[in-house]
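Residues per chain, in single letters:
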Amino acid sequence: MHRESDPLLGGDNFSFVISSLSRLNSNVKLMSELVDQIGIRFDTALRQKMIQVREETISLVKSIKTQLTRPYDVRHKIQHDKLTCQFQELLRLFENLSRLSLKKEQEVVFQLEKRRESQEAPVLFQTQASLPNGMTVLDVESTIIEERNKEIKDLERDLSQLAECFSDMSQMVDQQGELIDNTENAVVAAEQHVEEGAVRLQEAQVYQNKARKKIMILIFCCFCLIAVGGGIIAWWFLKK
């Protein structure tokens, strides 16, 4: 997961994510085609291609997850959410393909081992012109079983990594949702404080105006008292 000191996810990083998602989408489509070809046959080129595509896809998944789980500017929230949804969808497709591949590989191993236990005649190369150089049918089947068992272990490892990736993405979505909720609550609280401050300011202005009126009335009364007092004194002196 990201550290607080990591720079915010920005334009260049989004461009990288978009490009990586495009490659991931292509790999998922190619992986689908390759999985359809899995069967009981000795095809080294197919095995190598599947391993290459799967390793590249796992690498892409890790890179994209690293970028999307970094903190980002809230101004990019819509774009970030859109890319996250696309990534999670491709991640689900790749996981389903990996599970299907695992199931088919396990079925191949099961069929070959069952044939050996029942001592059935091998039929693997009945439609082929010849066996690989220097190899018998049993040699080929042993090689296939060995390869498929290795593939099964690799697929189980990949599925474990995908599960971890799903967990990290879910945690990221939850954390960001909580952060957004906190931010929205803070904005609402700030708006309430502003409104309360405006009301108090208005009340203060009303009180201030009332105080001014009272002071003016008091001053007027003082002037009236002084005038009346002055008039009485003047009248008293004139009468005397």
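Residues numbered from 1 in each chain as written. Predicted model: local features only at pLDDT ≥ 70, side-chain atom pairs only at ≥ 80, totals over all residues. Heavy atoms only, no water.

K.L.:
Give me the lowdown on a nonpolar patch on the surface, citing residues and values where you can.
P.N.:
Judged by side-chain polarity, Ile215, Met216, Ile219, Phe223 and Ile226 come together as a nonpolar surface patch covering roughly 550 Å² of accessible area. Here Ile226 is to be found in helix H4 (residues 137-239). (Patch = residues over 30% accessible without salt bridge, like charges linked within 9 Å, V, L, I, M, F, W, Y side chains within 5 Å. Areas by Shrake-Rupley, 256 points an atom, 1.4 Å probe, with all protein chains shown as cover. Salt bridge = Lys/Arg side-chain N within 4 Å of Asp/Glu carboxyl O. Helix = DSSP H or I, 4+ residues; strand = E, 2+ residues; numbered from the N terminus.)

K.L.:
Go over the side chain of Glu95 with me, naming the residues and quoting the values.
P.N.:
Checked against the element boundaries, Glu95 lands in helix H3 (residues 77-118). You can call Glu95 buried: its relative accessible area is 14%. Discounting residues that sit within four places of it in the chain, Glu95 has contacts with Leu159, Leu162 and Phe166. (Buried < 20%, exposed > 50% of the residue type's maximum accessible area, 1.4 Å probe, protein only. Contact = heavy atoms within 4.5 Å.)

K.L.:
Could you give an account of the pattern of salt bridges, with specific residues and numbers?
P.N.:
The final tally for this structure, using the stated rule, is 14 salt bridges. For Asp154, the salt bridge is made with Arg157, and the minimal N-O distance between the two is 3.6 Å. One end of the pair is Asp154 and the other is Arg157, both in helix H4 and three residues apart, which spans about a single turn. By relative accessible area, which is 13% here, Asp154 ends up buried.

K.L.:
Report on the nonpolar core, specifying residues and quantitative values.
P.N.:
Counting residues in hydrophobic clusters, the biggest one holds 38 residues, and the most contacted among them are Leu21, Leu24 and Phe87. Elements with a minimum of two residues in this core: helix H1 (11-36), helix H2 (44-68), H3 and H4. Ranked by residue count, the leading element in this core is H4, at eleven residues. Other than its neighbours up to four places away in sequence, Leu21 contacts Ile64, Leu83, Gln86, Phe87 and Leu90. (Core = buried A, V, L, I, M, F, W, Y, C linked by side-chain atoms within 4.5 Å.)

K.L.:
Lay out the side chain of Arg47 with the relevant residues and their values.
P.N.:
With respect to the secondary-structure elements, Arg47 resides in helix H2. Among the residues examined, Arg47 registers a relative accessible area of 5% and is labelled buried. Non-local contacts of Arg47, meaning those with residues more than four positions away in its chain, are made with Glu105, Glu147, Arg148 and Glu151.

K.L.:
Report on the confidence of the model for the chain, specifying residues and quantitative values.
P.N.:
Here the chain averages 77 in pLDDT, and 73% of its residues register 70 or above. Taken element by element, the predicted model of the chain shows its lowest mean pLDDT in H4 (74) and its highest in H1 (90). With pLDDT under 50 throughout, residues 1-6 is counted as low confidence; its partners more than four residues away or in other chains account for seven contacts. Counting interchain partners and residues more than four positions distant, the pLDDT-below-50 stretch residues 125-129 has six contacts. (pLDDT = per-residue confidence, 0-100.)

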